[in-house]
Amino acid sequence: MNTYAPRLAPWERSRHDRRMDDAPALYRNAAGRIALIADSFARLLGRPLVDAGHDPVAALWNAPCAIVAHGVEADPIFFFGNRVALARFECDVVAFTAMPSRLSAEAPLREERQVLLDRVRDHGFIDDYRGVRISATGQRFRLEQAVVWNLIDRDGARHGQAACFDRWTML
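About the thresholds
Residues numbered from 1 in each chain as written. Predicted model: local features only at pLDDT ≥ 70, side-chain atom pairs only at ≥ 80, totals over all residues. Heavy atoms only, no water. Helix = DSSP H or I, 4+ residues; strand = E, 2+ residues; numbered from the N terminus. Contact = heavy atoms within 4.5 Å. Buried < 20%, exposed > 50% of the residue type's maximum accessible area, 1.4 Å probe, protein only. Pairing = 2+ DSSP bridges.

Q: Where do I start with the environment of Cys-164 in this structure?
A: Relative to the helices and strands, Cys-164 is located in strand E5 (residues 158-165). Each C-alpha atom of the pair Cys-164 and Cys-65 lies 6.4 Å from the other, and the pair is 99 residues apart in sequence. Apart from the residues lying within four places of it in its own chain, the contact partners of Cys-164 are Phe-41, Leu-49, Cys-65, Ala-66, Ile-67, Ala-146, Val-147 and Trp-149.

Q: I tried to follow the pairing of E5 on my own but got confused; where do I start?
A: One face of the sheet, then the other: side chains in a regular strand alternate in exactly this way. When you tally the buried positions in E5, you get 6 out of 8 residues, the bulk of the element. Sheet topology places strand E1 (residues 66-70) next to E5; 5 bridges connect them, and they run antiparallel. Within the sheet, the bridge partner assigned to Val-68 lies in E5 and is Ala-163. Taking the residues between adjacent antiparallel strands as the criterion, strand E4 (residues 140-152) and E5 are bridged by 5 residues, where Gly-156 takes a positive phi near 90 degrees.

Q: Looking at this model, I keep getting lost on the pairing of strand E3 (residues 125-134). Mind explaining?
A: Bridging between E3 and E4 involves 7 bridges; their strand directions are antiparallel. The residue of E4 that forms the bridge with Arg-133 is Phe-141. In this antiparallel pair of consecutive strands, E3 and E4, the connection spans 5 residues, and Gly-138 shows a positive phi of 95 degrees.

Quick look at the structure:
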């Protein structure tokens, strides 16, 4: 079954929405780095990811697709996940931004994930990724037609990779 919005039980929505509404404020200290998600996408793919306007953090946070990004550490850590991504990965912003991105894939699938990341590193982006991911609670889901791209500033320095997806199938 494909879905485009977080699935929450009615009694969970108000608690979940309160926690998630605070996330943009948590991201304000990294606004330049987060803006690079949208800037790099537009430069590499030739079209906007979101209508960033004057507040790219809010635009990315409220985008209708899941958007995630990790840095360039030896074991890259997520530094951004928007509202849809956090719901899909069943994780709050504090836990998500402390998680190595490799943990978003099950151990047997991490080699496949690394091949994907190497392909993106070498080509700038891919727009045909399909792979299985796992939420913080162990729920497995398959991404369909995800876009993955390098985060590259205007001087050509690499700052990590990002992905967006709006199609997934629960497994």
